[in-house]
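Structural overview
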Amino acid sequence: MGKNTFYLTTPIYYVNDKPHIGHAYTTILGDVLSRCHRLLGEPTHFLTGTDEHGQKVEQAARRNGVSPQEHCDTYVKRFQELWERLGISNDDFIRTTEERHTKVVQKILQDLWDRKLIYQADYEGWYCVGCERYFTEKDLKDGHCPDCGRVVDKLVEKNYFFKMSQFQQALIDHINSHPRFLLPLNRRQETLGFLKQPLNDLCISRSKARLSWGIELPFDHDYVTYVWFDALVNYISAVGYLANDAEFQKWWPASYHLIGKDILTTHAVYWPTMLMAMEIPLPDTIFAHGWWLTPPPAGMVESAQATAEGVKMSKSLGNVVNPMDMADKYGVDALRYFLMAAMALGQDATFTEESFVTRFNADLANNLGNLLSRTTKMIEKNFAGKLPEATEPGEDERELVNSVKNAVAAMRNAILNMQLDRGIAEVMSAAGATNRYFDTMKPWVLAKEGNTAALGRVLRNTAEALRIIGGLLYPVMPVKMAELRRLLGVPEEQIAPMMDKLEHWNQLPDGATVGQLATPLFPRIDLPKQA
Ligand code: MSP
């Protein structure tokens with residue numbers, strides 16, 4: 001990585017879709033990583049947005065009796081409102097119907113056409129309306145779309161093609177010489193496997209006779225560009241490509257394109273070859289995460305959508321988890337915590353309300369929240385709510401300090417190596433060590449004995465550990481951890497932590513006012529009764 005800025009993108013979501021837990025996951029993950037990099041002190045730019053062109057939008061608008069643009073303007077709000085509700089700190093939100101995007105797409109098309117990297121030919125292929133993609137005969141699975149299983153249509157028509165095949169070897173070389181380009185490693189292997197076959201050129205157009213809700217080709221007004229050639233460009237149009245060079249130079253190449261594994265080929269093959277044709281550097285890393293599954297209904301046969309562990313959520317199966325509902329029921333930060341802690345980055349994970357509640361109670365209510373209220377209560381009672389003075393940690397604090405320091409290092413590694421769940425697990429184990437310290441030192445006995453010096457030492461060290469733990473979890477639970485840190489007396493301008501402060505003990509101001517919780521930070525939840 002040559003530049004010292006951090007630029008992260010999520011996929012842009014189909015504006016028609018009702019946002020579900022899978023969309024929320026990618027965006028929360030992007031948010032947590034962006035906040036982590038801000039915590040490391042890097043200038044950070046976090047982009048998300050919506051993919052607004054295509055047949056499905058056109059059809060839905062027609063059904064509702066409105067223009068496609070009006071339709072998009074209504075539906076985009078569902079995403080924007082959800083991101084606000086979930087505390088997403090995106091720096092920008094791009095819509096592919098905005099002029100800042102459509103103009104850039106057209107400039108790119110014109111340039112590639114002028115340089116003969118786009119050409120016209122007859123196209124014969126199978127088109128899936130659901131996925132908005134063409135497939136070749138051999139791609140099909142039992143005559144159906146290999147991705148979603150729907151019926152596909154055979155089409156022969158004049159079209160425009162991007163000379164993707166020309167960049168096949170260059171792409172293979174790039175993947176081989178950049179070990180971090182495609183992560184996790186199994187996705188790199190998958191892509192290299194895909195590239196063993198000769199790469200076809202990419203059909204990038206649709207005749208307006210069939211679809212007009214797209215970006216018009218500047219060199220043929222009867223055609224619009226095909227959905228991926230439009231959508232992928234958002235990653236550069238949003239940061240000023242061909243419009244604001246200083247901005248573009250500042251952020252590009254992207255540090256991470258976060259994607260789900262379902263859109264690997266488009267990102268790992270189409271996009272880099274498009275960038276090569278434009279002579280723009282490739283992103284540092286394309287990271288594909290796994291799917292959130294729900295337990296398979298009894299009797300369901302294994303398929304592309306269903307494995308032994310679970311089933312991909314989809315509208316047609318009616319097994320979609322609504323993130324708003326979860327946030328309303330259990331709180332936004334609890335939802336963010338569960339999604340980050342319970343999925344090993346890159347693998348699939350199964351979502352059940354029961355596992356959510358179990359983890360909430362164990363990690364947040366018992367391990368962290370309980371300790372916070374015990375500590376603040378004892379400081380209130382024995383020190384009139386003023387933080388006891390710092391002392392040098394001694395033998396009694398050795399395990400505590402080591403465990404917390406270890407969590408700081410683990411979190412740093414976890415951020416850099418995309419292993420957030422492991423970082424979070426280390427922070428929770430530091431919270432466990434803090435609980436052990438507290439229970440071993442028995443501050444309630446020290447209070448009874450009137451041993452104020454020892455009591456102050458124990459409460460102060462516990463508060464320091466909680467400050468650091470709260471700082472490490474701040475990117476995951478910004479609201480709750482701000483509350484925790486404020487209660488412990490962290491000065492207001494330091495509530496959003498910086499890593500260097502978390503690396504040092506005794507950073508709380510002596511005598512700071514320690515607040516009291518009216519209700520627990522994470523009240524225990526009773527498991528929902530099984531129907
Ligand atoms: N519009 C395209 C992406 C264009 S990017 C230039 C698209 N949109 S989408 O609305 O279908 O959402 C895509 C992303 O949502 C997936 O890549 C994935 O990140 C996320 N998820 C959708 N379902 C998911 C799960 N069940 N689990 C986890 N994430 C999944 O594709």
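Computed from a predicted model, the values in this text were never measured in an experiment. (Residues numbered from 1 in each chain as written. Predicted model: local features only at pLDDT ≥ 70, side-chain atom pairs only at ≥ 80, totals over all residues. Heavy atoms only, no water.)

A word on the site of the ligand. Taken together, 25 residues lie around the ligand, and Ile 12, Tyr 14, Thr 26, Asp 51 and Trp 292 are the ones closest in. In this structure, an oxygen atom belonging to the ligand sits 3.2 Å away from a main-chain N or O atom of Gly 260. Computed on the free molecule, the ligand has an accessible area of 660 Å², of which 96% lies beneath the protein chains in the complex. Counting residues per element, the ones that place at least two in the shell around the ligand are strand E2 (13-14), helix H1 (21-39), helix H7 (227-231), helix H8 (234-237) and strand E13 (256-260). (Near = heavy atom within 4 Å. Polar contact = N/O pair within 3.5 Å; in protein donor to acceptor, adjacent residues only side chain to side chain. Areas by Shrake-Rupley, 256 points an atom, 1.4 Å probe, with all protein chains shown as cover. Helix = DSSP H or I, 4+ residues; strand = E, 2+ residues; numbered from the N terminus.)

A separate point is the pairing of strand E12 (residues 220-225). Pairing geometry for strand E10 (residues 205-207) and E12, over 3 bridges, is antiparallel. Considered in E12, the bridge of Ser 207 is made with Tyr 223. Bridge count for strand E11 (residues 216-217) against E12 is 2 bridges, and the pairing is antiparallel. Across the sheet, the residue bridging to Leu 217 is Asp 220, located in E12. Where E11 hands over to E12, the hairpin turn is made up of 2 residues, counted between the paired strands. (Pairing = 2+ DSSP bridges.)

The next subject is helix H13 (residues 353-383). Taken as a whole, H13 carries its principal kink of about 35 degrees at Gly 369. Just downstream of H13, Ala 384 is the residue with a positive phi angle, here 50 degrees. (Bend = angle between axes of the 7 residues up to and from the residue.)

The N-to-C vectors of helix H12 (residues 332-342) and helix H15 (residues 420-441) enclose an angle of 110 degrees; their axes lie 7 Å apart at closest approach. The pairing of H12 with H15 is recorded here as roughly perpendicular in orientation. In contact with Tyr 337, Met 340 and Ala 341 of H12, H15 contributes Leu 420, Asp 421, Ile 424 and Met 428. (Axes fitted to C-alpha atoms, helices over the stretch in contact; angles between N-to-C directions. Parallel < 35°, antiparallel > 145°, perpendicular 65-115°, else oblique. Contact = heavy atoms within 4.5 Å.)

Any functional reading would require information beyond the geometric quantities listed.
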